[in-house]
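The primary structure of each chain is shown beneath.
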Amino acid sequence: MFGAQVTALSPPSVDYTAILPVLIVLGAAAVGVLLEAFVPRNLRWSVQVTVSLVALAGAGIALGAYVPGAPAQGVTTMVDTLAIDAPALFLWGTLLALAFAALLFIAERTVEPGGAFVSQAALRGAAGGGGSVTTGVPGTAGGRAGAAPADGTRGMQTEVFPLTLFALGGMMTFVAANDLLTMFIALEVLSLPLYLMCGLARRRRLLSQESAVKYFLLGAFASAFFLYGVALLYGYAGSVRLGDIATAAAGSDRSDTLLFAGFGLLVVGLLFKGSVGPFHAWTPDVYQGAPTSVTGFMAACTKVAAFGAMLRVLYVGFEGTSWEWRGVLWAVAIVSMAVGAVLGLTQRDVKRMIAYSSIAHAGFLVIGVMTLSDSGLAATMFYLLAYGFTTLAAFAVVSLVRDADGEATDLSSWAGLAKRSPLIAGVFTFLLFALAGIPLTSGFVGKFVVFSAALGEGLAPLVVLALVFSAVAAFFYLRVVVVMYLTEPAAGGASVTVPGAFTTITIAAGTIVTLLLGIYPGFALEWAGAGGFAF
Amino acid sequence: MTWLLALILLPLVGAAAVAGLRGNDRLATLTAFGFSLATLLLVVPLWAGYEPAGDRMQQTSSVEWIPQFGIHFAFGIDGIALVMIAVIALLVPLVIGVLGVTDKLPEGRSAGGYLSLLLVQQSLTIGVFAATDVFLFYVLFEVMLIPMYFLIGAYGGPNRQYAAVKFFLYSFLGGLIMLASVIGSYVLAADELGEGTFDWATLVSVVSDAPLGTQVWLFLGFFLAFAVKAPLVPLHTWLPDAAGQAPIGVAVVLVGVLDKVGTFGFLRYCLPMFPAASVELAPLVLTLAVAGVLYGSVLAAGQQDMKRFIAYVSIAHFGFIALGIFAFTTQAQVGSVTYMVNHSLATGMLILVVGMVIARGGSSTISDYGGMAKLTPLLGGMMLLAGLATLALPGTNAFVSEFLVLLGAFESRPVFAVLAVLGMVLAAVYVLWLYQRVMQGPVRGDALVGAGGGPGAVQAPETGARKAIRDTSPRELAVLAPLIVLIIGLGLYPKPVVDVVTPSVEATLSAVQEGDER
């Protein structure tokens, strides 16, 4: 009886060429785990770095090979759970490029001897060897226990590489997920490695671990919200596919309560990942506590993934009901911009300052998402690309400014930096100008395209508010410039470590992209505007 | 390549060349001076090739920049832009000429950085006047802040950081609000034409047809940015700090040319693009303008610091210029445009002279001086001349402009004109009072006598003043000479400037009238 049905089951058709980039990344991550187990310790770093970079390059080539022949309106594959359409391809490209630059930054081990990461096991070995009583809990600021790995090599803890690849694979799936359950799984795949990576800092271990726990707890809440929202929406539409939800909402007498409660919970989960106020509380602590290279990866890539998914959910699933929820996002955008800009003013720590800046930028991005127009889609994605490279390079610069206790992130120790390292100060100033949105930087073009899309959709009051908050935020970027250029160097202040080749590439790539997209943004705008969502 | 493009690019090349000469201050100064002189020479063919009766925009060139938004690198000049470009091309070599003599850079700063920022500033400023693409204008308008920010912040007086940040934030906020209007105009044009563009002429033709309500909002965005730049009360508070802390040369460029971008913006953008709103809101603007004239004058009289004094004088003069622009008569507007030139010359000279006084006495406080004309008669004479030009004595260039503004404004707005006349009276008071306090009477004041000179100061027996105080050097005279020639020359024969700007002013005004009648 059941036999007939079993034989009728055929394996789902999979468009392997379309999803090849994701497969390569996730496959390389799995290989990385095996390498971690079998490759001798002194070889691991070079093997892992090579495998990861080759995987990213391979995924990039696969993507590049697929794009020219890709169907214009996109394809859905794996029983319609993944939609590989123009936005997904653009975001994949963005993610891969950002991840490549971030991975180089993570792999850096000359700035901090032995790299910025430590594993719990290595730490215990070091602490035990030193006869320390409080195993595993060295001091916070300036705690240098574990500075040398137990075996004394200049190697580096390398589990961070497969973790990065797993997170990246999750992100790529996240932005292409066509149904909410796939999206949830992708969310977990991208989040869990990030929680771990946050706690890996070699120095200031308590701060790093605190940030990991905080991120994990709040992230778990957000995931629960997301999942609960998915459940309610399934109850509403009888399907988790975004297209079905849109159809169900288009003309039915089903319970609006289920729809909007589900929508609200779902969006909370997404806003949390995008560090949008008022769901931003984790951002400053995590950005400050995590190893700077991980922060750079998170700030750039997670933002892209979260907003990519948000675009898809809102454009595909909830465009028809936008009148009902637009007001809520208005409030969210305003709160996010206000929190980011105003609280950013009070920060003394450069990493926290950039964290608040990212909250303000998230507010601008929400405006772009809310437009629900083609130009808004292209504008938001361009903004993500521009912001990702700028913020990644900014964190890479932060990692170079050090004193005896490691990274000197307090603003006071940056005094007079321009006298000692004019080049790094100049680059950082340029990046700050980009974050502030001054013309001839990608930040300005991003703001310009987002705001013109928003004005075209009648969001004028929001745009004016956004511009005012941009000006407020400019003050704290400018303060760093003042400290670097116009104040006298303090005795015992920080100095700039000569970066290794890897960090140099990261900074150079971020800066060049920021400049290029600022001066000649036409080609990227064209890619971003290539087409809409498939579903 | 047009002369105009060469004029924009040459200072940039100079900046790059000078930036490479960080070690050698003298060579850097000479190189920068050479480039600025070459730039000035380029103005000659530009001016000669300009036909006042010809097209609205001349020397045009356009290259596509961001096709998705219809953005071009488009440059061109009308008469108003031409005279302003000529002014900055004239002022920059003079400013470089006083570097190291009148202007001393703070310890440990090299001349190379200063000069290269100055030349970048010049290039961007010329670009702002020449841009005929609204997006390009906005970009240059904002980027222009960066070199000025560093010029004030790195090379200025003791309170320079505060002044630089205040300057930047005021202008940046104004600029961002203008950005909203820039995008708004673009969206309006995109809706109307089906395809967006930032071309100035196209935007003017589309946006000037918009309903009054829309126009008012867009107008306010532009107006706010320009009102910060050409400081109108109550948005003026950054100028006394910025001009007071800036090095003398930078103050000349800032007050002389950069602030004129605001009044230039009124003429180029606010009026033609939003004619109905301009007429509707003219009473508001005129009120602010006259308030500026009176408020600036009164505060100028009360200043203790000479550089802040000049800043307040300028605020009063910007009130006059705005009054002329928004009086909507040809006479008044021609007066305003020539005033933009003449104010640059007269105030530029006053700032330079005050800089020379400060360089001798080592203090910018007025009460540290007294009877200085006895020690430096030539410098005293220069200060009197610059002061008289500032208060618009007949025979000096500013008189022609001020007279035209008041005459034109009296036709259309008699009440405002009469109130502004009070400003002329006050000007005589504050300028002559300054001259009297600094130059007249017995030699006195810490800067000139005894204590100010420190322990090593040698005093001249007959006056009790420090011997180190000498009269103007030939180099200083050479810097002031072109300004003196122009101040008196344009005072007696203003026709060259008036002829060049009148057709552009008439075109602007006719746009307002057409737009207002619709």
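Residues numbered from 1 in each chain as written. Chains lettered and ligands numbered in written order. Predicted model: local features only at pLDDT ≥ 70, side-chain atom pairs only at ≥ 80, totals over all residues.

K.L.:
Explanation requested: the overall build of chain B in the structure shown.
P.N.:
Scanning chain B for helices and strands turns up 21 helices and 2 strands. By the compact-globule yardstick of 24 Å for 518 residues, chain B fits well, its C-alpha radius of gyration being 22 Å. In terms of principal-axis extent, the alpha carbons of chain B reach across some 80 × 55 × 40 Å. Expressed as a percentage of the 518 residues in chain B, the buried residues total 64%. Across chain B, the fraction of contacts at a sequence separation of at least 24, relative to all contacts at a separation of at least 6, is 79%. (Helix = DSSP H or I, 4+ residues; strand = E, 2+ residues; numbered from the N terminus. Rg over C-alpha atoms; globule rule 2.2 N^0.38 Å. Buried ≥ 20, exposed ≤ 12 C-beta atoms within 10 Å, placed from the backbone. Contact = placed C-beta atoms within 7 Å.)

K.L.:
Before we go on, may I ask you to explain the overall build of chain A in this structure?
P.N.:
In terms of helices and strands, chain A carries 21 helices and 5 strands. Reported as C-alpha extents along the three principal axes, the dimensions of chain A are approximately 70 × 60 × 45 Å. Residue burial in chain A is summarised as follows: out of 535 residues, 58% are buried. Relative to all contacts within chain A whose residues are 6 or more apart in sequence, the contacts with residues 24 or more apart total 81%.

K.L.:
Teacher, can you tell me more about the UniProt feature "domain: NADH:quinone oxidoreductase/Mrp antiporter transmembrane" (unreviewed entry) in chain A here?
P.N.:
If you check UniProt for "domain: NADH:quinone oxidoreductase/Mrp antiporter transmembrane" (unreviewed entry), the listed places come out as residues 177–468 of chain A in our numbering. The annotated region residues 177–468 of chain A carries 77% helix and 2% strand content, and the separation between its end C-alpha atoms amounts to 36 Å. (UniProt positions renumbered as here; feature names shortened; annotations may be inferred.)

K.L.:
Sorry, what's going on with the interface of chain B and chain A here?
P.N.:
Interfaces are often sized by the accessible area lost when the parts come together. Contacts between the two partners involve 22 residues from chain B and, on the opposite side, 22 residues from chain A. Those elements that provide at least two residues to the side of chain B that touches chain A are α5 (134–143), α6 (145–155) and α7 (160–193) of chain B. In terms of residue count, the dominant contributor to the side of chain B that touches chain A is α7 of chain B (14 residues). Among the residues making up the side of chain B that touches chain A, the classes are represented as 17 nonpolar, 4 polar and 1 charged. (Nonpolar A, V, L, I, M, F, W, Y, C, P; charged D, E, K, R; others polar.)

K.L.:
Help me understand the UniProt feature "domain: NADH:quinone oxidoreductase/Mrp antiporter transmembrane" (unreviewed entry) in chain B, please; the structure alone is not making it clear to me.
P.N.:
Here, the residues flagged by UniProt with the feature "domain: NADH:quinone oxidoreductase/Mrp antiporter transmembrane" (unreviewed entry) are residues 131–426 of chain B. End C-alpha to end C-alpha, residues 131–426 of chain B measures 37 Å, and it is 81% helix and 0% strand.

K.L.:
Got a minute to help me understand the sheet that holds strand β4 (residues 406–407) of chain A in this structure?
P.N.:
Strand pairing in a sheet relies on backbone hydrogen bonds. The paired strands run either parallel or antiparallel. All names here are of chain A. Strand order in the open sheet formed by 3 strands is β4-β3-β5, and the pairing between neighbours is antiparallel. The two strands at the open ends of the sheet, each matched to only one other strand, are β4 and β5 (495–496). As paired strands, strand β3 (residues 401–403) and β5 are joined by 2 bridges and run antiparallel to one another. Within the sheet, the bridge partner assigned to Arg402 lies in β5 and is Ser495. (Pairing = 2+ DSSP bridges.)

K.L.:
Explanation requested: the packing of helix α12 (residues 260–273) of chain B against helix α14 (residues 306–325) of chain B in the structure shown.
P.N.:
Residue and element names in this part refer to chain B. At a minimum axis distance of 10 Å, the contact between α12 and α14 shows a crossing angle of 5°. Judged on the interaxial angle alone, α14 and α12 are roughly parallel. Side by side, α12 and α14 meet where Thr263, Phe266 and Leu267 of the first sit next to Phe318, Ile321, Ala322 and Ile325 of the second. Classifying every residue of the contact of α12 with α14 by side-chain character gives 6 nonpolar, 1 polar and no charged. (Axes fitted to C-alpha atoms, helices over the stretch in contact; angles between N-to-C directions. Parallel < 35°, antiparallel > 145°, perpendicular 65-115°, else oblique.)

K.L.:
Quick question: what am I supposed to make of the environment of Met84 of chain B here?
P.N.:
All names here are of chain B. Within the fold, Met84 resides in helix α3 (residues 79–97). Residues Met84 and Val341, 257 residues apart in the sequence, show an inter-C-alpha distance of 6.6 Å. The contacts of Met84, once residues within four sequence positions are left out, are Phe129, Val257, Lys260, Phe264 and Met340.

K.L.:
Which parts of the structure should I look at to understand helix α13 (residues 322–345) of chain A?
P.N.:
Because each turn of an α-helix spans 3.6 residues, side chains separated by three or four positions end up pointing in the same direction. Residues and elements named next belong to chain A. For α13, spanning 24 residues, the distance from its first C-alpha to its last is 34 Å, which sits close to the expected 34 Å at 1.5 Å a residue. Every buried residue of α13 is listed here: Leu329, Val332, Ala333, Ser336, Met337, Val339, Gly340, Ala341 and Gly344. Where the residues of α13 are buried, they touch α10 (256–273), α14 (350–370) and α19 (460–486). (Expected span 1.5 Å × (residues − 1).)

K.L.:
Can you help me understand helix α6 (residues 160–176) of chain A in this one?
P.N.:
Between its terminal C-alpha atoms α6 of chain A stretches 25 Å, which fits the 24 Å expected from 17 residues at 1.5 Å a residue. Burial of α6 of chain A is extensive: 17 of the 17 residues sit out of reach of the surface.

K.L.:
Mind showing me how you'd approach the nonpolar core here?
P.N.:
Side chains that are nonpolar tend, in soluble globular proteins, to be buried together. With 425 residues, the main nonpolar core has Leu95 and Cys301 of chain A together with Ile85 and Leu323 of chain B as its most contacted residues. The greatest single-element share of this core, amounting to 19 residues, is contributed by α7 of chain B. Discounting chain neighbours no more than four positions away, the residues touching Cys301 of chain A are Leu95, Leu98, Ala99, Ala102, Leu168, Met171 and Gly388 of chain A. (Core = buried A, V, L, I, M, F, W, Y, C linked by C-beta atoms within 7 Å.)

K.L.:
What am I meant to see in the pairing of strand β2 (residues 71–77) of chain B here?
P.N.:
On a regular strand, one side chain projects to one face of the sheet and the next to the other, so that they alternate. All names here are of chain B. Within β2, 6 of the 7 residues are buried, leaving the element largely enclosed by the surrounding structure. Pairing of strand β1 (residues 58–66) with β2, which is carried by 6 bridges, proceeds in the antiparallel orientation. Along β2, the bridge assignment pairs Glu64 with His72. Here β1 folds back onto β2, and the loop between the two strands holds 4 residues, one of which, Gly70, carries a positive phi near 60°.

K.L.:
Looking at this structure, I do not really get the confidence of the model for chain B. What am I missing?
P.N.:
Residue and element names in this part refer to chain B. Put simply, chain B has an average pLDDT of 89, and 96% of its residues get 70 or more. α5 holds the highest mean pLDDT among the elements of chain B, 95, whereas helix α21 (residues 495–517) holds the lowest, 86. Confidence drops under a pLDDT of 50 for residues 451–457, and excluding neighbours within four residues, the segment shows 11 contacts in the predicted structure. Scoring the predicted complex yields pTM 0.91 and, for the interface, ipTM 0.89. (pLDDT = per-residue confidence, 0-100.)

K.L.:
I keep staring at the packing of helix α2 (residues 16–38) of chain A against α6 of chain A and nothing clicks. Help me out?
P.N.:
How two helices pack is summed up by the angle between their axes together with the distance between the axes. Residues and elements named next belong to chain A. Between α2 and α6, the least distance of the axes is 8 Å, while the angle of their chain directions is 160°. Relative to α6, the element α2 lies roughly antiparallel. Classified by chirality, the crossing of α6 by α2 is left-handed. In this structure, α2 contributes Pro21, Val22, Val25, Leu26, Ala28, Ala29, Gly32, Val33 and Glu36 to the contact, and α6 contributes Phe161, Pro162, Leu165, Phe166, Leu168, Gly169, Met172 and Thr173. Taken together, the residues of the contact of α2 with α6 sort by class into 13 nonpolar, 3 polar and 1 charged. (Left-handed = near helix turned anticlockwise from the far one by under 90°.)

K.L.:
Please clarify how unusual backbone geometry should be interpreted in this entry.
P.N.:
Leaving glycine aside, a negative phi is the common case for residues, and trans is the common case for peptide bonds. With an omega of 0°, the peptide bond between Gly277 of chain A and Pro278 of chain A qualifies as cis. Within the secondary structure layout, Pro278 of chain A lies in the loop between α10 and α11 (282–289). Look at Leu372 of chain A: it is not a glycine, yet its phi comes out positive at around 55°. At Ala392 of chain B, a position not held by glycine, the phi torsion is positive, near 65°. Inspection of the secondary structure assignment puts Ala392 of chain B in the loop between α17 (377–390) and α18 (397–412).

K.L.:
Before we go on, may I ask you to explain the environment of Val335 of chain A in this structure?
P.N.:
All names here are of chain A. Within the element layout of this structure, Val335 appears in helix α13. Assessed through the 18 C-beta atoms surrounding it within 10 Å, Val335 is described here as partly exposed. C-alpha of Val335 to C-alpha of Phe428: the two residues are 93 residues apart in sequence and 28 Å apart in space. In this structure, Val335 is in contact with Gly277 and Pro278, ignoring residues within four places of it in sequence.

K.L.:
What is the right way to read the confidence of the model for chain A from this model?
P.N.:
In regions of low pLDDT, the predicted coordinates are not meant to be interpreted in detail. Residues and elements named next belong to chain A. Looking at chain A as a whole, its pLDDT mean stands at 87, while 91% of the residues score no less than 70. Mean pLDDT across the elements of chain A bottoms out in helix α5 (residues 120–129) (43) and peaks in α6 (96). This stretch, residues 120–154, has a pLDDT under 50; its non-local contacts, to residues over four places away or in other chains, come to 50 contacts.

K.L.:
How should the environment of Pro283 of chain B be read in this particular structure?
P.N.:
All names here are of chain B. Relative to the helices and strands, Pro283 is located in helix α13 (residues 275–301). Overall, the presence of 12 C-beta atoms within 10 Å leaves Pro283 in the exposed class. Measuring from C-alpha to C-alpha, the distance between Pro283 and Val479 comes to 41 Å, with 196 residues separating the pair along the chain.

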